[in-house]
Amino acid sequence: MEPVVGLDHTTPESHRRARVRAVLERRNLTDNVSAEQAAASWEQERFVTRARVLFYARLMFLTLGLAILAVPRWSIYFGLLGPLSFAGYFAMLLYSVANFLVIDHPKAGRWVTYVTLCLDVVIMVVVLAKPQVGGGFQSPLLATQLLFTTLFALLFPKPLAIVPSLLALPVILRLDLLLDREVSAIEVLTLFWYLGLNVIIIYVLSYLNDRETAAHREVVEMQSDLKEMALVEERNRLAREIHDGLGASLSSMIIQTEYILGLAQGGPLRAEIQELKSNAEESIEELRRSLQMMREDFELAQGLEEYVKTFQQRTQLNIRFERTGLPRQLAPDAQLALFRILQECLTNAAKHADPQQVEVRLDYDPERTHLFVRDDGKGFSPQHTPRGHYGLLNMHERAMKLGATLLVDSAPGTGTRVSFSLPSRP
């Protein structure tokens, strides 16, 4: 037996789909993600990355803190002696690990990170103020305050969120006064120097963060616009091909039936040809509406009214059309759903209900668009539709896809009432 040769069905399209699927799963997004959701996901991912950097910085601080506790001269200099110092060290270790475990949570991750970062500032102030000699604004570790300002500005780029780091400087100065340290002009100059450096850091990082966020949002919106433009171009291309192909074929069929009608003599044959011509004209009318919807050149209220008139002329049903409210432009899929549901309701009324009158009302209000169709025909039981009839199912599926509401109220002998309501911006 010859070995079966396996064919590789992977294509560039499948690779793109797999890549998109992987990114969506990693960011917990759905296929129909909006530009706002994509931007929010990107901001969350950026925060998580920066929060992990904070965790690694804390590991370095913990390593240096362990060295200070282990070297007697250092621990004596900083006054970090006794079990209280070790308890503070292990408390910092525990909340650092706890913060790392909840970083990925959208809300808890931010709150825990902010609270623990404030605790870091408190520990920094204690370490700087502890030494009786060379402490406070004389400490060589005072530059650590600039690092915490940078971390606050990177993680929480809002003015009020950075206040804890800025308050560390006047708190250290106040502790110097309480500990009876002499505050010279050099210490005052150091205070203003560090305040100036903090302002520069906050301004630079906030500016860069705003520019980065604005650039990312612009790229996301541009990608969304490019995708929409590609869809519109593809719809227009299909509309041209359908018009030039199928439309021309239907037009030729109508011309041929008109020619055959001129040759036909017998009554039954002539009636059949006339029915064929009517079907072809109805098909080309349906094609014209579909092309208008594809090109977003379809005026819903006028299109529905014209269809009702055409249907009334063809079936001799007594149909009354009414429109209320101020018309507004709906998305193409919403317009198509409204038209198809009206089409299904009128077709069912003509085929099965035998009504004396059919009422159609299109109602626009500020929040929703409503379509009401009512007939006084035979009615039916919506819970017991015949096998193989999918009209009601298709109507419900269209409503679900648009987030709309569809109500079908009917019973044998009471007529049928159909109400379809969808948001004005589905």
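Residues numbered from 1 in each chain as written. Predicted model: local features only at pLDDT ≥ 70, side-chain atom pairs only at ≥ 80, totals over all residues. Heavy atoms only, no water.

Draft legend 1. A look at the overall build of the protein chain. Broken down by element type, the protein chain carries 12 helices and 5 strands. Split into buried and exposed, the 426 residues of the protein chain put 34% on the buried side. Intrachain contacts of the protein chain at a sequence separation of at least 6 include 68% that bridge at least 24 residues. For the protein chain, the accessible area works out to roughly 26500 Å², and carbon and sulfur atoms hold 62% of it. (Helix = DSSP H or I, 4+ residues; strand = E, 2+ residues; numbered from the N terminus. Buried < 20%, exposed > 50% of the residue type's maximum accessible area, 1.4 Å probe, protein only. Contact = heavy atoms within 4.5 Å. Areas by Shrake-Rupley, 256 points an atom, 1.4 Å probe, with all protein chains shown as cover.)

Draft legend 2. Structural detail: the pairing of strand E1 (residues 319-324). Here 6 bridges tie E1 to strand E2 (residues 358-364), and the two strands are oriented parallel to one another. When the bridges of E2 are listed, Ile319 appears paired with Val358. Crossover connection from E1 via helix H11 (residues 332-353) to parallel E2: handedness left-handed. (Pairing = 2+ DSSP bridges. Right-handed = clockwise from strand over helix to strand, strands pointing away.)

Draft legend 3. Up close: unusual backbone geometry. In this structure, Gln316 is a non-glycine residue whose phi angle is positive, near 65°. Structurally, Gln316 is set in the loop between helix H10 (300-315) and E1. One non-glycine residue with positive phi stands out, namely Asp354, at about 50°. Secondary-structure assignment places Asp354 in the loop between H11 and E2.

Draft legend 4. A look at the layout of surface pockets. Taken as a whole, the largest pocket holds about 810 Å³ of empty space. If you trace the largest pocket, you find 29 residues lining it, with Gly65, Leu80, Met92, Ile123 and Val127 closest to the centre. Of the residues in the lining of the largest pocket, the class split is 22 nonpolar, 5 polar and 2 charged. (1 Å grid on protein atoms, 1.4 Å probe; cavity = no way out; pocket = protein on both sides within 12 Å on 5 of 7 lines; lining within 4 Å. Points joined across faces, edges and corners; volume = space filled by probe spheres on them. Nonpolar A, V, L, I, M, F, W, Y, C, P; charged D, E, K, R; others polar.)

Draft legend 5. Spotlight on the environment of Leu191. Assignment of secondary structure puts Leu191 in helix H8 (residues 185-263). Linking Leu191 and Leu173, residues 18 residues apart in sequence, is a C-alpha distance of 8.0 Å. When neighbours within four sequence positions are excluded, Leu191 is seen to be in contact with Phe137, Leu169, Pro170 and Leu173.

Draft legend 6. The arrangement of a negative patch on the surface in detail. On the surface, Glu36, Glu218, Glu221 and Asp225 cluster together into a patch of negative charge. Per element, the largest residue contribution to the negative patch is 3 residues, and it comes from H8. Looking at the element boundaries, Glu218 is found in helix H8. (Patch = residues over 30% accessible without salt bridge, like charges linked within 9 Å, V, L, I, M, F, W, Y side chains within 5 Å. Salt bridge = Lys/Arg side-chain N within 4 Å of Asp/Glu carboxyl O. Lys, Arg positive; Asp, Glu negative; His and termini not counted. Charge placed at Lys NZ, Arg CZ, Asp CG, Glu CD.)

Draft legend 7. Spotlight on the nonpolar core. Counting 35 residues, the largest nonpolar core has Ile319, Leu342, Leu346, Val360, Leu371 and Phe420 as the members making the most contacts within it. Elements represented by at least two residues in this core include exactly H10, E1, H11, E2, strand E3 (368-375), helix H12 (391-402) and strand E5 (416-423). When residues of this core are assigned to their parent elements, the largest contribution, 10 residues, is made by H11. When neighbours within four sequence positions are excluded, Phe420 is seen to be in contact with Ala337, Leu338, Ile341, Thr369, His370, Leu371, Ala399, Ala404, Thr405 and Leu406. The next biggest cluster of nonpolar side chains, apart from the first, holds 30 residues, and it includes Leu151, Ala153, Ala161 and Ile202. (Core = buried A, V, L, I, M, F, W, Y, C linked by side-chain atoms within 4.5 Å.)

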